[in-house]
Amino acid sequence: GDSSEDELNLARAQASLDEVYRATGVKPALLYSIFVPAVGQSENAEESDSDRLFLMLVPPNGDPVIRPVPINRELALRVAD
């Protein structure tokens, strides 16, 4: 996506999360799971069993936290089934 559009969407999501926090006193967050092509694969490549799993936590304020999970798409889907 467009970088400025992504930043705007992040700001909107965080503003909504902050509203929930102010209204409830409970600190919400969004959690995304993202598969990323393995090193050396094209960003535009088809889905692959070797794609790596990352988790992205979006808090009400501050930067998103992105962490790798030491499994690939094949293992993640096998465990999920």
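Above this note sits the structure.
How each quantity is defined
- Residues numbered from 1 in each chain as written.
- Predicted model: local features only at pLDDT ≥ 70, side-chain atom pairs only at ≥ 80, totals over all residues.
- Heavy atoms only, no water.
- Helix = DSSP H or I, 4+ residues; strand = E, 2+ residues; numbered from the N terminus.
- Buried < 20%, exposed > 50% of the residue type's maximum accessible area, 1.4 Å probe, protein only.
- Contact = heavy atoms within 4.5 Å.
- Pairing = 2+ DSSP bridges.
- Axes fitted to C-alpha atoms, helices over the stretch in contact; angles between N-to-C directions.

J.: Before we go on, may I ask you to explain the side chain of glutamine 14 in this structure?
T.: Residue placement: glutamine 14 occurs in helix α1 (residues 3-24). By relative accessible area, glutamine 14 is classed as buried at 11%. Residues within four places of glutamine 14 in sequence aside, it is in contact with Val58, Pro59, Pro60, Asn61 and Gly62.

J.: Got a minute to help me understand the sheet that holds strand β1 (residues 30-36) in this structure?
T.: The strands making up a sheet associate through backbone hydrogen bonding, with each pair oriented either parallel or antiparallel. Taken in spatial order, the three strands line up as β1-β2-β3 in an open sheet, and their pairing is antiparallel. The open sheet has two edge strands, β1 and β3 (65-72), and neither has a second partner. Ignoring strand direction, the axes of neighbouring strands in this sheet form an average angle of 25°. Here strand β2 (residues 52-58) runs beside β3; their pairing, made up of six bridges, is antiparallel. In the strand pairing of β3, leucine 55 is matched with arginine 67. Of the strands in this sheet, β1 and β3 are in contact with helix α2 (residues 73-80), which crosses β3 at around 80°.

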